[in-house]
Amino acid sequence: DGGTFDVGYMIKGGEITTMSIIPENFSILVQISATSNGYIILELPNDQILSKKMDGSDEKFIVLVYETSDETDIGIETSYEDIASNNDHRTIKIPFNVGDKKIEVIGTWAIPEFGAIAGLVLAVAIISIIVLSAKTRLNVIPKF
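We now turn to the structure provided with this report. All values derive from a computational prediction rather than experimental measurement.

**Here's the deal with the overall build of the chain**
Logical step 1: For the chain, the count of helices and strands is 1 helix and 7 strands.
Logical step 2: Total accessible area on the chain stands at roughly 10000 Å², and carbon and sulfur atoms take up 59% of it.

The following block contains the structure:
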C-alpha cells in the first residue's frame, strides 16, 4: 500500500543498495553489491511476508539469487538456513557469491489442489445444470 516497514539485516561480503517489496509476487527484493562470497541475514516481519502451510506451520521460502540487475535475468534458486522463528518475525541466512546483484525471497502458500473455490465452482455448475434442465425440460431418455 505504499507504506514502509523495517527489515533487520546483517551482511558479510557486500552491502545492500536497495530493498523493496513486490506485492504481486509476495516477495522482498534485495539489491546487493557483493565484493566477495558472503551471506546476508534477514529478519523478515511476519505481518509483511509469510511462508506458512495451511496448518499454520512454517513453510520454506523460495530464494532466488540473480547475477545481474537486468529485468529479464532469471534467478537461480538457492538454499538458505532458517536461524530463528517466532510470532513476530522469521530470521534466515542466505549465501551469495561475488558479483551477485539481487536476492529475492518469495513467500509461499500451501493451497490445496481442490480448495474452497473449486468446490464453489462445482456447486454453481451443478445448480446451473439443474436449473437449465428444469427450464428447457431436457430429457435424457428420448421419447418415441
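**So, the side chain of Lys102**
Logical step 1: Within the secondary structure layout, Lys102 lies in strand E7 (residues 102-106).
Logical step 2: With a relative accessible area of 6%, Lys102 lands in the buried category.
Logical step 3: Contact partners of Lys102, with chain neighbours within four places excluded, come to Leu29, Val30, Gln31, Ile32, Leu64, Val65, Tyr66, Thr68, Ser69 and Asp70.

**Concerning the packing of aromatic side chains**
Between two aromatic rings, the relevant description is the distance of the centres plus the angle of the planes.
Logical step 1: Inspection of every chain in the model, using the stated rule, returns 1 aromatic pair.
Logical step 2: Ring centres of Phe61 and Tyr80 lie 6.3 Å apart, and the angle between their planes is 55 degrees; this geometry places the pair in the tilted category. Of this pair, Phe61 sits in the loop between strand E2 (27-45) and strand E3 (62-66) while Tyr80 is found in the loop between strand E4 (76-77) and strand E5 (81-85), placing the two residues 19 residues apart along the sequence.
Logical step 3: Over the face of the ring belonging to Tyr80 we find Lys60, whose NZ or CZ atom lies 4.6 Å from the ring centre.

**Looking at the environment of Gly14**
Logical step 1: Here Gly14 is to be found in strand E1 (residues 8-22).
Logical step 2: With 19 residues separating them along the chain, Gly14 and Ser33 place their C-alpha atoms 5.4 Å apart.
Logical step 3: Setting aside anything within four residues of it in sequence, one finds Gly14 in contact with Ser33, Ala34, Thr35 and Phe96.

**Quick word on the nonpolar core**
Logical step 1: Ile40, Leu42, Leu44, Ile94, Ile103 and Val105 are the most contacted members of the largest nonpolar core, which totals 20 residues.
Logical step 2: Counting residues per element, the ones that place at least two in this core are E1, E2, E3, strand E6 (89-96) and E7.
Logical step 3: No other element matches the 7 residues that E2 contributes to this core.
Logical step 4: If we ignore the near neighbours within four places in the chain, the residues touching Leu42 are Val7, Gly8, Tyr9, Met19, Val30, Arg90, Thr91, Ile92, Ile94 and Val105.

**Here we look at the environment of Ile83**
Logical step 1: Looking at where Ile83 falls in the secondary structure, it is placed in strand E5.
Logical step 2: On the basis of relative accessibility, which here comes to 43%, the residue Ile83 falls in the partly exposed class.
Logical step 3: Along the primary structure Ile83 and Lys93 are separated by 10 residues, whereas in three dimensions their C-alpha atoms are 6.8 Å apart.
Logical step 4: Ignoring any residue separated from it by four or fewer positions in sequence, one finds Ile83 in contact with Ile41, Thr91, Ile92 and Lys93.

The rules we used
- Residues numbered from 1 in each chain as written.
- Predicted model: local features only at pLDDT ≥ 70, side-chain atom pairs only at ≥ 80, totals over all residues.
- Heavy atoms only, no water.
- Helix = DSSP H or I, 4+ residues; strand = E, 2+ residues; numbered from the N terminus.
- Areas by Shrake-Rupley, 256 points an atom, 1.4 Å probe, with all protein chains shown as cover.
- Buried < 20%, exposed > 50% of the residue type's maximum accessible area, 1.4 Å probe, protein only.
- Contact = heavy atoms within 4.5 Å.
- Phe/Tyr/Trp six-rings, centres within 6.5 Å; stacked < 30°, edge-to-face > 60°.
- Lys NZ or Arg CZ within 6 Å of the ring centre and 35° of its normal.
- Core = buried A, V, L, I, M, F, W, Y, C linked by side-chain atoms within 4.5 Å.

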